[in-house]
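Chain residues, written in single-letter form:
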Amino acid sequence: MFNNKAKSRRPLQRQQPMQRSTRPLGRVALAGGGLSSSATHPFARSAENSRLFAYEQQVKQAFARIEPVLKSLSAMQHESDFEAQAQRFVSSELGFELPAALLADSWIKQLDISQIYAWCVFETFRKMSDDFFDTKPLADDDDAEFQEFLEQCGFHTLDVSPCADGRLAHVIRYVLRLPYKSVRRKSYAGAMFDVEDSLQKWSETEMRRHREGQPNSADAATRYLKVAVYHHSSSQPDGEGCAAHGSDTQRAADAALERLKDFRQGVENSFCCGASIDLLLIGLDTDNDVIRLHLPDADGEIDAMSYVDAAELHQATRSASAANAEAVIGEYLQAKCHSLPSEGMVRLAARLLCGNLSQIDYVRQYHNGCYQDIGHQECFIGMGIGFEEVQLRNLTYFAYLKTVEEGAKDMDVGIKIFTGLNANRGLPIPVVIRYDYHGHVPGARVRAVARCHQLDTALRNRFSEYEERGLLHTLLMVRDCSNDAKAETIGSSLKLNKQVAH
Ligand SMILES: [Zn+2]
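Keep in mind it's a predicted model, so treat the numbers as computed, not measured.

Undergrad: Give a detailed account of the sheet that holds strand β1 (residues 155-162), specifying residues and quantitative values.
TA: Whenever strands of a sheet pair, they do so through backbone hydrogen bonds, lying parallel or antiparallel. Strands sit in the order β2-β1-β3-β4-β5-β6 across an open sheet of 6 strands; the sheet is mixed. The open sheet has two edge strands with one neighbour each: β2 (184-185) and β6 (308-309). With 4 bridges joining them, strand β4 (residues 278-285) and strand β5 (residues 291-294) adopt antiparallel strand pairing. The residue bridging L284 from the neighbouring strand is I291, located in β5. Here helix α10 (residues 249-270) sits on the sheet and contacts β3 (223-232), β4 and β5; the angle it forms with β3, its principal contact strand, is near 165°.

As structure tokens, this is what we get:
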């Protein structure tokens, strides 16, 4: 399909056991802004890159400071006036105080660093979450423009399922530079999205088009576009690829494509009148955020073995004029494709690739061309439904699920990752349980709260050995997503007094 097949395709990676990464002291070490590539790509949006980096650095460093601060705290626990000293120290370093209950009686017993650690992770997340909804640091003014563009390309909904791996959590806002509010994101281990859930979303979308004319009228000739994003690691393909597919890149691509086809077949078999959807498969190199775009051909079919490589495009367009970036990329695609997809798909692909060129420059400029944390370095597991505020790389392992049973595979992968990151070092696994609800539906909040508690109980039952060893801590939150509200804390596993309880 594409004439760059031979040169851009990497040899297939065979299955290997997942490699554990040991979290370095102080967590994520961020690059200090060193440049590995002096020249900026003409299509790169430097001002946006700078804004995105400032936000990434602010949040990641807030989490990275926790461990060194707790080490110092641990060392000072037998000093006189410890409690007051500790509060001053933690407050100046982390921006919040610790619950008094966690510091009490330190002269007679060991500090419970495990609980303090979980508190700090949860508090840092709560601050980040509040800030996200208050100040909208990653907002894009172009939401309406993007929807219009999408419809011009022949699509009314963009529904993306990346792998649940935290190294893909920034795929919408950073890697593809899309407005996160205009794109549906639902992550699954190995990008193995739930076909029934997608079918339900498709039906809901088509119903809204019929009933409300939203996002566009049902008679408009547009389609639902489903995208799956698998991933690999170019520097450590056998160890730092997708855990859900044994770090086997081709297996990850094939499986994601199969799932896409199942969804399309599901729509076609369930609804008459030529109902169908369009598909797109994307591969992400988690070392440097370079994407591979597996475009459909003229018949809508995708080949998991061939793709357009954004790194090659980056190189090929280094001297191009910035005046008409997407048109230049469109021409590049037309030259590359043996069988062109629809004109709209080519336009959308050009936009995605153009966004990715900015991200490639971003990684080159701020992370020396390759992230230091190429392996797992997530700080917590996000479980349930929601997490719009998590748009950053390697911060959160997602487990989108309504019940622990249905999401068992995703949770197992998450706990396995955090066993290597935290539990093996004696640190607890922090899990934020979240349930977003629509406030205009009567009783929705009550049901969301009940769901959170059910998930909490089921999680503890499934991973009881962690629970018994004090290696599992949870924070429970709900959020009314229909009025863009902040998330609300409704409970926590931390045993604290009333004044400071979450
Ligand atoms: Zn994965």
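Undergrad: I'd like a description of the packing of aromatic side chains, backed by residues and values.
TA: What the rule picks out here adds up to 16 aromatic pairs. Centroid distance Y174 to Y362: 5.7 Å. Interplanar angle 75°. Geometry classified as edge-to-face. Taken together, the positions of Y174 in helix α8 (residues 171-175) and Y362 in helix α13 (residues 343-366) put the pair 188 residues apart, joining distant regions of the chain. Here the two residues Y174 and Y362 agree in accessibility, since each one is buried. Centre to centre, the rings of Y224 and F263 are 6.0 Å apart; their planes meet at 85°, and the pair counts as edge-to-face. Residue Y224 is found in strand β3, and its partner F263 is found in helix α10; the two are separated by 39 residues along the sequence. The buried category is assigned to F263, whose relative accessible area is 0%.

Undergrad: Give me the lowdown on unusual backbone geometry, citing residues and values where you can.
TA: A cis amide bond, omega -5°, links Q214 with the succeeding residue P215. Mapped onto the secondary structure, P215 falls in the loop between α9 (195-212) and β3. Of note, D289 is a non-glycine position whose phi angle comes to about 70°, a positive value. In this fold, D289 is placed in the loop between β4 and β5. Backbone geometry places F387, a non-glycine residue, at a positive phi of 70°. F387 gets classed as buried once you look at its relative accessible area, which sits at 0%.

Undergrad: Any details on the coordination of the zinc ion? Residues and values, ideally.
TA: Coordination sphere of the zinc ion, protein contribution only: C163 (SG), H231 (NE2) and C242 (SG), at 2.0 to 2.2 Å. The motif formed by the donor residues of the zinc ion, counted along the single chain, is C-x67-H-x10-C. With H231 in strand β3 and C242 in the loop between β3 and α10, the pair connects residues that are 11 residues apart, well separated along the chain. Each member of the pair, H231 as well as C242, is classed as buried.

Undergrad: Quick one: what's the story with the sheet that holds strand β7 (residues 380-385), residue by residue and with numbers?
TA: On the basis of which strands lie adjacent, the open sheet formed by 5 strands has the order β8-β7-β9-β10-β11 and mixed pairing. Strand pairing shows two members of the sheet lacking a second neighbour, β8 (396-400) and β11 (488-492), which therefore form its edges. Strand-to-strand twist across the sheet, computed as the mean angle between neighbouring axes with direction ignored, equals 25°. In this sheet, β8 lies alongside β7 in parallel orientation, the contact comprising 5 bridges. Note that in β8 the partner of I381 across the bridge is Y397. Against the sheet, helix α14 (residues 408-421) contacts β7, β8, β9 (429-437) and β10 (472-480), and its axis sits at roughly 160° relative to β8. Sheet strands in contact with helix α15 (residues 444-462) are β7, β9, β10 and β11, and its direction is about 165° off that of β10.

Undergrad: An account of the pattern of salt bridges is requested, with residue identities and associated values reported.
TA: This model, assessed by the stated rule, comprises 31 salt bridges. Ionic pairing is found between D197 and K186, a salt bridge with its closest N-O pair at 3.1 Å. Placement of D197 in helix α9 and of K186 in the loop between β2 and α9 is noted, with a sequence separation of 11 residues between them. For the pair shown, D197 and K186 are each scored as buried. A salt bridge links R208 to E212, with the nearest nitrogen and oxygen atoms 3.2 Å apart. Here R208 and its partner E212 are both found in helix α9, 4 residues apart, which amounts to about one turn of the helix. Linked through salt bridges whose partners overlap, the residues forming this network are K136, K181, E388, E389, R434, D436, R479 and D484.

Undergrad: Run through the packing of helix α2 (residues 46-64) against helix α6 (residues 113-135), naming residues and quoting values.
TA: Where α2 contacts α6, the two axes come as close as 9 Å, and the packing angle between them is 160°. By the criterion of interaxial angle, the relationship of α2 to α6 is roughly antiparallel. For the crossing formed where α2 meets α6, the hand is right-handed. Seen from α2, the contacting residues are Y55, Q58, V59, A62 and F63; seen from α6, they are V121, T124, F125, M128, D131 and F132. Along the lines of polarity and charge, the residues of the contact of α2 with α6 split into 8 nonpolar, 2 polar and 1 charged.

Calculation notes
- Residues numbered from 1 in each chain as written.
- Predicted model: local features only at pLDDT ≥ 70, side-chain atom pairs only at ≥ 80, totals over all residues.
- Heavy atoms only, no water.
- Pairing = 2+ DSSP bridges.
- Helix = DSSP H or I, 4+ residues; strand = E, 2+ residues; numbered from the N terminus.
- Contact = heavy atoms within 4.5 Å.
- Axes fitted to C-alpha atoms, helices over the stretch in contact; angles between N-to-C directions.
- Phe/Tyr/Trp six-rings, centres within 6.5 Å; stacked < 30°, edge-to-face > 60°.
- Buried < 20%, exposed > 50% of the residue type's maximum accessible area, 1.4 Å probe, protein only.
- Donors = N, O, S within 2.8 Å, 3.2 Å for Na, K, Ca; no water.
- Salt bridge = Lys/Arg side-chain N within 4 Å of Asp/Glu carboxyl O.
- Parallel < 35°, antiparallel > 145°, perpendicular 65-115°, else oblique.
- Left-handed = near helix turned anticlockwise from the far one by under 90°.
- Nonpolar A, V, L, I, M, F, W, Y, C, P; charged D, E, K, R; others polar.

So, to be careful, I would describe these as geometric facts and stop short of saying anything about function.
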